[in-house]
Amino acid sequence: MKTHHKILIIGGGTAGITVAARLARKISASDIAVIEPSDKHYYQPMWTLVGGGIFPKKRSEHEEAGVIPKGVTWLRDAVTAFEPEENQVLTRDGKTISYDWLVVAPGIQINWGKIPGLKESVGSKTVCSNYSYQYVDYTWETLRNFKKGTALFTHPTGSIKCGGAPQKIMYLAEDWLRRQGLRGQTEIIFMTALPKMFAVEKYCKTLDKHVADRGIHAHFKEDLVEVRPDAKEAVFENVDTKERLTVPYDML
């Protein structure tokens, strides 16, 4: 089965839906189609605030049908192959869909298994992540029950969904611990694989000052390569020297 759409958007997350909505203001919505297999839409930027105890995670969940712009075609399917020479894609359900213009916004696939010890521990044993609807509640649970020790925050190499998210939850956690009178019993460490706090120099200077003012210990070019949840240890590899460093933690 073959169909055609003037504009075809792969991905019905925030990026795909936003593009569809803006284009629908300029051209006929009937010329636009969005391919998205999930029946749920998650506003993922909110998950940092969920982990910080500000919003319940249900507020980030919506029916996909309810966020598709009016008049735009929703194809509940998934792309399995691109054929750019023919201006078409192949789908999971055996369809061939051609287009005049293609927008690719499928999001990032999380691979917990790339870091030994992470897949089996995330969402338990004080190992947290805000990059999953399934686990984001556990961040707030762990932070709420944290009384003293080392709170360790990490930023990996490669692409992530939001470059500022690892820092935002750290600042929320630091503020919470300070307001609970626990900051004096807590060491906050930021281990980032990046060479500095932020790629944009203007913001980097401000963040450097904020980290210093808040007594946060930042370490650069250190990439998380292993989690040892039973020992409560995280192993980092220096991106330049490849030397490894083991850091104990109470919350990761």
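Conventions used here
- Residues numbered from 1 in each chain as written.
- Predicted model: local features only at pLDDT ≥ 70, side-chain atom pairs only at ≥ 80, totals over all residues.
- Heavy atoms only, no water.
- Salt bridge = Lys/Arg side-chain N within 4 Å of Asp/Glu carboxyl O.
- Helix = DSSP H or I, 4+ residues; strand = E, 2+ residues; numbered from the N terminus.
- Buried < 20%, exposed > 50% of the residue type's maximum accessible area, 1.4 Å probe, protein only.
- Phe/Tyr/Trp six-rings, centres within 6.5 Å; stacked < 30°, edge-to-face > 60°.
- Axes fitted to C-alpha atoms, helices over the stretch in contact; angles between N-to-C directions.
- Parallel < 35°, antiparallel > 145°, perpendicular 65-115°, else oblique.
- Left-handed = near helix turned anticlockwise from the far one by under 90°.
- Contact = heavy atoms within 4.5 Å.
- Nonpolar A, V, L, I, M, F, W, Y, C, P; charged D, E, K, R; others polar.
- Arc of directions from axis to C-beta.
- Pairing = 2+ DSSP bridges.

Peer 1: Before we move on, could you go through the pattern of salt bridges and cite the residues and values that matter?
Peer 2: The tally for this structure, following the rule as stated, stands at 17 salt bridges. Of the charged contacts, one joins Arg179 and Asp175 as a salt bridge, the two residues approaching to 2.8 Å between their closest N and O atoms. Remark: Asp175 and Arg179 occur in helix 5 (residues 165-179); sequence separation between them is four residues, near one turn of the helix. Accessibility expressed as a relative area gives 53% for Arg179, which makes it exposed. Between Lys196 and Glu201 there is a salt bridge, and its shortest N-O distance comes to 3.0 Å. Exposure remark for Lys196: the relative accessible area of 31% places this residue in the partly exposed category. A relative accessible area of 39% means that Glu201 is categorised as partly exposed. Here the residues in one salt-bridge network are Glu174, Arg178, Arg183 and Arg214, joined through shared partners.

Peer 1: Just give me the short version of the packing of aromatic side chains, but keep the residues and values in it.
Peer 2: One pass over the full model with this rule turns up six aromatic pairs. Seen in terms of ring centroids, Trp112 and Tyr135 are 5.8 Å apart; in terms of plane orientation they differ by 75°. Their pairing is edge-to-face. Placement of the pair is Trp112 in the loop between strand 8 (96-104) and helix 4 (136-145) and Tyr135 in the loop between strand 8 and helix 4, with a sequence separation of 23 residues. Put simply, the rings of Tyr42, Trp47 and Tyr133 touch in pairs and so form one group of aromatic residues.

Peer 1: Describe in detail the packing of helix 4 against helix 5, supporting the description with residues and values.
Peer 2: Two numbers describe how helix 4 lies on helix 5: the axes approach to 10 Å, and their chain directions differ by 30°. Judged by the angle between their axes, helix 4 and helix 5 are roughly parallel. Our pair here, helix 4 against helix 5, has a crossing hand that is right-handed. Across from Thr139, Trp140, Leu143 and Arg144 in helix 4, the residues of helix 5 making contact are Ile169, Ala173, Trp176 and Leu177. Here the residues of the contact of helix 4 with helix 5 are counted per class, giving six nonpolar, one polar and one charged.

Peer 1: Which residues make up helix 1 (residues 14-24), and what values do they have?
Peer 2: The complete set of buried residues in helix 1 reads Gly16, Ile17 and Ala20. Projection of helix 1 onto a plane perpendicular to its axis shows the buried side chains occupying an angular sector of 95°, all on one side. Elements that come into contact with the buried residues of helix 1 comprise strand 1 (2-10), strand 2 (32-35), strand 3 (40-42) and helix 3 (64-67).

Peer 1: So what about the sheet that holds strand 2? Which residues, and what values?
Peer 2: In space, the six strands of this open sheet follow the order 5-2-1-8-7-6, with mixed pairing throughout. Either end of the sheet is taken by a strand with one partner, and the two such strands are strand 5 (73-75) and strand 6 (79-83). Each strand of the sheet is rotated relative to its neighbour by a mean of 40°, with strand direction disregarded. Note: strand 2 against strand 5, three bridges, orientation parallel. Paired with Ile35 across the bridge in strand 5 is Leu75.

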